[in-house]
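Residue-level structure breakdown
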Amino acid sequence: MDYRNILFDLDGTLTDPREGITRSVQYALAKLDIHEPDLAKLEHFIGPPLLQCFMQTYSLSEERAWDAVNHYRDRFKVTGLYENRVFDGIDALLARLVEQGRTLYIATSKPTVFAREIARHFGFDRHFKHIYGSELDGTRTNKVELIAHLLDEEGLAPADTLMIGDRKHDLIGASRNGLHGAGVGYGFGSREELLAEGPAHYFASLDELSRALG
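All of these numbers come straight from a predicted model, not from anything done at the bench.

On to the overall build of the protein chain, then. Within the protein chain one finds nine helices and eight strands. For 214 residues, the compact-globule estimate of 2.2 N^0.38 gives 17 Å, and the C-alpha radius of gyration of the protein chain, at 17 Å, lies within 12% of that figure. For the protein chain, the spread of C-alpha atoms along the principal axes amounts to about 50 × 30 × 30 Å. Looking at the protein chain as a whole, 51% of its 214 residues qualify as buried. Within the protein chain, contacts between residues separated by at least 24 positions form 66% of all contacts whose residues are at least 6 apart in sequence. When the accessible surface of the protein chain is summed, it comes to about 9,600 Å², and 45% of that surface belongs to carbon and sulfur atoms.

Remark: the centre distance and the inter-plane angle together describe each pair of aromatic rings, the angle taken between the planes. This structure, assessed with the given rule, holds six aromatic pairs. Centre to centre, the rings of F45 and F54 are 4.9 Å apart; their planes meet at 55°, and the pair counts as tilted. One aromatic cluster is present, formed by F8, F124 and F128 through successive ring pairs.

With that settled, consider the pairing of strand β5 (residues 130-134). Among the five residues that make up β5, four are buried, leaving the element largely enclosed by the rest of the structure. Across four bridges, strand β4 (residues 103-111) lies against β5 in parallel orientation. Along β5, the bridge assignment pairs A107 with Y132. In the classification by handedness, the crossover that spans β4, the intervening helix α5 (residues 112-121) and the parallel β5 is right-handed.

Now for the domain arrangement of the protein chain. Considered domain by domain, the protein chain is made up of domain 1 (5-16 + 86-213) and domain 2 (17-82). Each of domain 1 and domain 2 was reduced to a C-alpha centroid, and the two centroids are 22 Å apart. Contacts between domain 1 and domain 2 engage 20 residues on the former and 16 residues on the latter. Both faces considered, domain 1 and domain 2 share a buried interface measuring about 1,500 Å² in area, 64% of it formed by carbon and sulfur atoms. When the area that domain 1 buries against domain 2 is broken down by residue, the three leading residues are D16, F114 and F188, summing to 33%. In this structure, the connection of domain 1 to domain 2 is made through one salt bridge.

This next bit is on the pattern of salt bridges. Throughout the structure, instances matching the rule amount to 15 salt bridges. Salt-bridge contacts for R18 lead to D16; the nearest nitrogen and oxygen are separated by 3.6 Å. On the basis of relative accessibility, which here comes to 34%, the residue R18 falls in the partly exposed class. Linking D207 and R211 is a salt bridge whose minimum nitrogen-to-oxygen distance equals 2.2 Å.

Our focus in this paragraph is the sheet that holds strand β8 (residues 201-203). Taken together, the six strands give an open sheet; going across it, the order is β5-β4-β1-β6-β7-β8, and neighbouring strands pair in parallel fashion. Only two strands of the sheet have a single neighbouring strand rather than two, namely β5 and β8. The mean inter-strand angle of the sheet, taken between neighbouring strand axes irrespective of direction, is 20°. Bridging between strand β6 (residues 161-165) and strand β7 (residues 180-184) involves four bridges; their strand directions are parallel. What sits directly across from M163, in β7, is G181.

Our focus in this paragraph is helix α1 (residues 18-31). Taking 1.5 Å of rise per residue, the 14 residues of α1 would be expected to cover 20 Å, and the 20 Å separating its terminal C-alpha atoms lies within 8% of that figure. Every buried residue of α1 is listed here: G20, I21, T22, S24, V25, A28 and L29.

Rules of the game
Residues numbered from 1 in each chain as written. Predicted model: local features only at pLDDT ≥ 70, side-chain atom pairs only at ≥ 80, totals over all residues. Heavy atoms only, no water. Helix = DSSP H or I, 4+ residues; strand = E, 2+ residues; numbered from the N terminus. Rg over C-alpha atoms; globule rule 2.2 N^0.38 Å. Buried < 20%, exposed > 50% of the residue type's maximum accessible area, 1.4 Å probe, protein only. Contact = heavy atoms within 4.5 Å. Areas by Shrake-Rupley, 256 points an atom, 1.4 Å probe, with all protein chains shown as cover. Phe/Tyr/Trp six-rings, centres within 6.5 Å; stacked < 30°, edge-to-face > 60°. Pairing = 2+ DSSP bridges. Right-handed = clockwise from strand over helix to strand, strands pointing away. Domains from an automatic or database assignment. Buried area = accessible area lost by both parts, 1.4 Å probe. Salt bridge = Lys/Arg side-chain N within 4 Å of Asp/Glu carboxyl O. Axes fitted to C-alpha atoms, helices over the stretch in contact; angles between N-to-C directions. Expected span 1.5 Å × (residues − 1).

What follows is the structure, encoded as structure tokens:
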């Protein structure tokens, strides 16, 4: 685990955004006259790009799905951003990695403007050199494109870089850019989902991840 650069996914890897995301999805759906009272049924929205998730789950046209995304953001940017919590032990892990001389980045499909505010509000932005997310128009929501952009902007060597995430999109983005990927089982992707992508590393708990990196 001697990687000089470490990329972290945000949702489900650094923080548990369950309440903010599912309630904002529920709000957006209600605006489209789709009513889902069970928030647990909306947890699959955590991680993947929102637009595609709305389209695939509810068979929405792209135009209708953008309406849903915009309704989602109306609530999320005011309330949902803060209905979130940092996983216990994350701050200590990040601080230790920086002390070891590693350079940390966030690589998330979430719009950069939201990712930066979450990191600032919860006080872990200081550990990261840069935070990379998508644009509000949907550019770089795909993790393959996002990680490629990050590597190019920062001039990072894939062999020296590790991507850590809780969903298959993180591992696919890593492998297609020549990076090793580490799947974490404490987030929202199942063990089966993550291992199916053949990650270089799998850690069932944050404690396992912390021990491996420490």
